[in-house]
Amino acid sequence: MKRKILFFFPENPFSNRAGNTTRAKTTLTVLKNLGYSIDLVGATEIYKGQNDTTEIDKSIVDNLFLINQKPPKIKTSSDYWKYKISKFSKKSNEYNHLLTDFAKKEFTNIFNKEKYNAIVINYEFWAGLIDNESMKDTLKIIETHDWITLNEFYKNKSLDIGKRFNEEINNLSKFDKVITISEDEHLVFKRFLGEKVINIPPSFTPHFEKNDTDKKYDLIFVGSENIFNIQSMQWFFDHVYPLLPKNIHMVIIGRICKHFQEREGVKLVEFAENLEEYYHQSKIAICPMLEGTGIKIKVIEALSYGLPVVGTERAIDGFPSKISNGCLVTDNPEFFRDQIMSLLQNESSYQEMKIQAEVYFKNNFSEEKAIEKWKNILH
């Protein structure tokens, strides 16, 4: 009998929208390659908020289910009245208002209809989905994606860090295995939760070019419209872009484009079905992140194409090695410009960084290593 996994990810992992969806899709692909049958669960309100379709890759996922924050407004329904009463008698979840008793019930109903060998939950603030007693003997795995307490602190400096971190550790402790994608989070969580914490960095198929072709763009940045991406590119345009020669050509891809206007030498592409052609047409990836936590999927994706990366120090958060990794980092705008120009004007420097990028990618982010780690967890 084929082994089955129930995989919760709140938004559509096949949307090709951002690093988090890319990460979820690659994990699903790994699990499928290990021979598992996978049912995917998402959150209705988030699908609507992101304008996500319910289209899925049927070669990877068998079924898609969506859970709701609240029941339909049917006044003869007991679920409807339970939900209404709970709004007065019970505080909503402080860190995830979508995680209601009704959402938990819907998830439990999906679980109870099939025999699943494992449950995979993405994000610590959805941990309450596994609270039902019927799941106690099933292997429960959480993909953290990030150190949520620190991430929320960056967004809200008045956050009660001690209270939030206590909640985060308590939620993670419910699981049999805790998957981190960043070496930094791995070290933090392992101190509190021990050997159940396993680091599985993002993995991609390498797309190293056999021969260098003519490049259309000097620089490429790929990003969603989250606040950290917007801040980082605002910094770049305010402090680095004016220092660059006027003949520099760059392309920005993703929903972040909604927050910027085209200017000389800059092409905006709000959505690209396939990033491969843009990466192959670009010489250097930039990642001028100022805040935010966790490993940057966009940086690893760039390395998978053998592109050198110029970024700020935040760009290499979570990397096992801070040197010889295909990335040049600085928080100084003038040095940032100098590093870009050095790679563009000095072919030997460029080729050296390109080789570094490829070697570092192969040694740290290969699909084979990810598959082996998942196999050890699930068997």
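Above this text is the structure in question.
Residues numbered from 1 in each chain as written. Predicted model: local features only at pLDDT ≥ 70, side-chain atom pairs only at ≥ 80, totals over all residues. Heavy atoms only, no water.

Here we take up the sheet that holds strand S5 (residues 139-143). In space, the 7 strands of this open sheet follow the order S3-S2-S1-S4-S5-S6-S7, with parallel pairing throughout. Pairing within the sheet leaves two strands with one partner each, and these edge strands are strand S3 (63-67) and strand S7 (197-199). Averaged over neighbouring strand pairs, the angle between their axes works out to 20° when direction is ignored. Of the pairings in the sheet, the one linking strand S4 (residues 118-122) to S5 comprises 5 bridges and is parallel in character. Of the residues in S5, the one forming a bridge with Ala118 is Leu139. Against the sheet, helix H13 (residues 367-378) engages strand S1 (4-8), S4, S5, strand S6 (177-180) and S7, with an angle of about 145° to S5. (Pairing = 2+ DSSP bridges. Helix = DSSP H or I, 4+ residues; strand = E, 2+ residues; numbered from the N terminus. Axes fitted to C-alpha atoms, helices over the stretch in contact; angles between N-to-C directions. Contact = heavy atoms within 4.5 Å.)

Next up on the list: the side chain of Thr312. Checked against the element boundaries, Thr312 lands in the loop between strand S12 (309-311) and strand S13 (327-329). On the basis of relative accessible area, Thr312 is assigned to the buried category, the value being 0%. A polar side-chain atom of Thr312 sits 2.3 Å from the main-chain carbonyl oxygen of Met289. Setting aside residues up to four positions removed in sequence, Thr312 forms contacts with Trp235, Cys287, Pro288, Met289, Leu290, Val329, Thr330, Asp331 and Phe336. (Buried < 20%, exposed > 50% of the residue type's maximum accessible area, 1.4 Å probe, protein only. Polar contact = N/O pair within 3.5 Å; in protein donor to acceptor, adjacent residues only side chain to side chain.)

A few words now on the side chain of Glu11. In this structure, Glu11 sits in the loop between S1 and helix H1 (19-33). The buried category is assigned to Glu11, whose relative accessible area is 9%. A polar contact of 2.9 Å, which involves the side chain of Glu11, links it to the side chain of Asn20. Each residue touching Glu11, except ones within four places of it in the same chain, is listed here: Arg17, Asn20, Thr21, Ile46, Tyr47, Gln50 and Asp52.

In this section: the sheet that holds strand S9 (residues 250-253). Reading across from one edge, S10-S9-S8-S11-S12-S13 is the order of the 6 strands in this open sheet, with parallel pairing throughout. The sheet is open, and its two edges are formed by strand S10 (266-269) and S13, each paired on a single side. Here the average twist between neighbouring strands, direction ignored, is 25°. Here strand S8 (residues 217-222) pairs with strand S11 (residues 282-287) via 3 bridges, running parallel. Residue pairing in the sheet places Leu219 in a bridge with Ile284 of S11. Each of S8, S11, S12 and S13 touches helix H11 (residues 333-345); the most contacted strand, S11, lies at about 165° to it.

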